[in-house]
Amino acid sequence: MIAPLQRTLYGEVFDVVATPQPINVAYSQEGLDLHMDLAYYESPPGLQLLHCMHNDPVVVGGQSLFVDVLAAAEDLRRRYPKEFELLCRIPATFQKIHYEREWPVHMRFQRPHIQLNHREEIVAATWAPAFEGPLLVDHKLVEPYFESYKQFNILLKEPKYMIEFRLQPGDLVIFNNRRMLHGRRSFDLNGGRRHLQGCYVHIDEFKSRVAILQKEMGRKMELLPVGNQCWS
């Protein structure tokens with residue numbers, strides 16, 4: 001076992017299936033832009049596990065998409081330093097406000113899209129366009145912010161960053177939600193079934209498990225940055 005499952009407003013285990021009246025765009029047949037899950041939490045989930053239960057051959061589309069947001073943010077710093085600086089400084093609003101559901105939710109959290117430590121290293125990057133609320137800043141910062149936002153959005157969709165594949169029944173993909181943005185292409189069921197089942201593991205629990213296993217095995221490997229805002 002890696003660690004206990006992290007419970008969220010979607011419970012411990014959630015099912016991603018298209019429904020007639022979805023409470024979330026993920027539960028439709030629409031495409032999903034690249035995003036981090038639950039960016040409106042103070043501490044968004046770390047590892048995400050997605051198990052493909054069904055994805056019938058007649059289903060057209062629905063390919064899974066992944067992008068390393070920390071690598072893209074570093075590229076933004078190199079190519080567009082002014083836009084990078086603004087996205088490090090101006091706080092975006094991430095929110096989930098939905099009362100017409102079994103468990104009503106009202107969450108809002110503000111943070112810059114990109115966060116640095118004392119050594120100017122990127123320690124977190126948050127991106128979730130579908131769950132962003134009003135920009136609560138001085139009006140003089142609004143236009144520069146959105147110009148920077150637009151540039152980063154364009155950069156994230158460059159083919160060199162994109163990993164794209166179709167999940168097959170039985171496949172299980174595990175990724176770091178704090179570092180790997182994910183999305184999907186739109187799809188048409190064509191009378192078939194597409195069903196993914198997912199859950200989360202807190203990133204601190206994962207890091208703890210790795211450290212314990214390293215000690216037990218007498219090995220020491222340096223983890224890549226996980227994007228959880230830790231300064232070390």
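Heads up: the structure comes first, above all this text.
So, a few notes on the structure that sits alongside this text. Computed from a predicted structure; not experimentally measured.

Analysis parameters
- Residues numbered from 1 in each chain as written.
- Predicted model: local features only at pLDDT ≥ 70, side-chain atom pairs only at ≥ 80, totals over all residues.
- Heavy atoms only, no water.
- Pairing = 2+ DSSP bridges.
- Helix = DSSP H or I, 4+ residues; strand = E, 2+ residues; numbered from the N terminus.
- Axes fitted to C-alpha atoms, helices over the stretch in contact; angles between N-to-C directions.
- Contact = heavy atoms within 4.5 Å.
- Polar contact = N/O pair within 3.5 Å; in protein donor to acceptor, adjacent residues only side chain to side chain.
- Buried < 20%, exposed > 50% of the residue type's maximum accessible area, 1.4 Å probe, protein only.
- Core = buried A, V, L, I, M, F, W, Y, C linked by side-chain atoms within 4.5 Å.
- Phe/Tyr/Trp six-rings, centres within 6.5 Å; stacked < 30°, edge-to-face > 60°.
- Lys NZ or Arg CZ within 6 Å of the ring centre and 35° of its normal.
- Salt bridge = Lys/Arg side-chain N within 4 Å of Asp/Glu carboxyl O.

Attention now goes to the sheet that holds strand E14 (residues 194-201). The sheet built from 4 strands is open, its strands ordered E1-E14-E3-E11 with antiparallel pairing. Among the strands making up the open sheet, the edge pair consists of strand E1 (13-16) and strand E11 (172-176). Strand-to-strand twist of the sheet, defined as the mean angle between neighbouring strand axes without regard to direction, takes the value 25°. Taken together, the 4 bridges between E1 and E14 define a ladder with antiparallel strand orientation. Within E14, the position partnered with Val16 by the bridge is Leu196. Lying on the sheet, helix H4 (residues 203-217) is in contact with strand E3 (47-55), E11 and E14; it crosses E14 at an angle near 70°.

This part takes up the side chain of Gln95. Among the structural elements, Gln95 can be located in strand E6 (residues 91-98). In this structure the side chain of Gln95 is engaged in a polar contact, spanning 3.0 Å, whose partner is the side chain of Arg108. Gln95 has contacts with Tyr40, Met107, Arg108, Phe131, Glu132, Gly133 and Pro134, leaving out every residue within four places of it along the chain.

Unusually for a residue other than glycine, Leu38 sits at a positive phi of about 55°. One can find Leu38 in the loop between strand E2 (32-35) and E3. Take Leu38: its relative accessible area is 5%, and that puts it in the buried class.

Moving on, we get to helix H1 (residues 69-79). Residue pairs three or four apart in sequence face the same way in an α-helix, which turns once every 3.6 residues. All buried positions along H1 are accounted for by Val69, Leu70, Ala72, Ala73, Asp75 and Leu76. In the core, the buried residues of H1 are packed alongside strand E5 (64-68), helix H2 (81-89), strand E8 (114-116), strand E9 (122-125), helix H3 (139-156) and strand E12 (180-184). The N-capping residue of H1, defined by a side-chain oxygen 3.1 Å from the backbone nitrogen of Leu70, is Asp68.

The biggest cluster of nonpolar side chains holds 51 residues, and the ones touching the most others in it are Tyr40, Ile114, Phe152 and Leu156. Ala3, Leu47, Leu49 and Ile203 belong to the second largest nonpolar core, which has 7 residues in total.

Here the focus is the packing of aromatic side chains. The full count for this structure, using the stated rule, is 10 aromatic pairs. Centroid distance Tyr145 to Tyr149: 5.8 Å. Interplanar angle 45°. Geometry classified as tilted. Placement of the pair is Tyr145 and Tyr149 together in helix H3, with a separation of 4 residues, close to one helical turn. Classification of Tyr145 as buried rests on a relative accessible area of 2%. A connected cluster of aromatic rings, assembled from ring pairs, spans Trp127, Tyr145, Phe146, Tyr149 and Phe152. The ring of Phe187 has Arg194 lying over it, and the distance from NZ or CZ to the ring centre is 4.9 Å.

This part is about the pattern of salt bridges. All chains considered together, the criterion is met by 9 salt bridges. Here Glu74 makes a salt bridge to Arg77, at a shortest N to O gap of 3.2 Å. Residue Glu74 and its partner Arg77 are located together in helix H1, separated by 3 residues, close to a single helical turn. Assessed through its relative accessible area of 23%, Arg77 is described here as partly exposed. For the salt bridge of Arg185 with Glu164, the shortest nitrogen-to-oxygen distance reads 2.9 Å. Residue Arg185 is located in the loop between E12 and strand E13 (187-188), and its partner Glu164 is located in strand E10 (residues 163-165); the two are separated by 21 residues in the primary sequence. Under the relative-accessibility criterion, Arg185 is labelled partly exposed at 38%.

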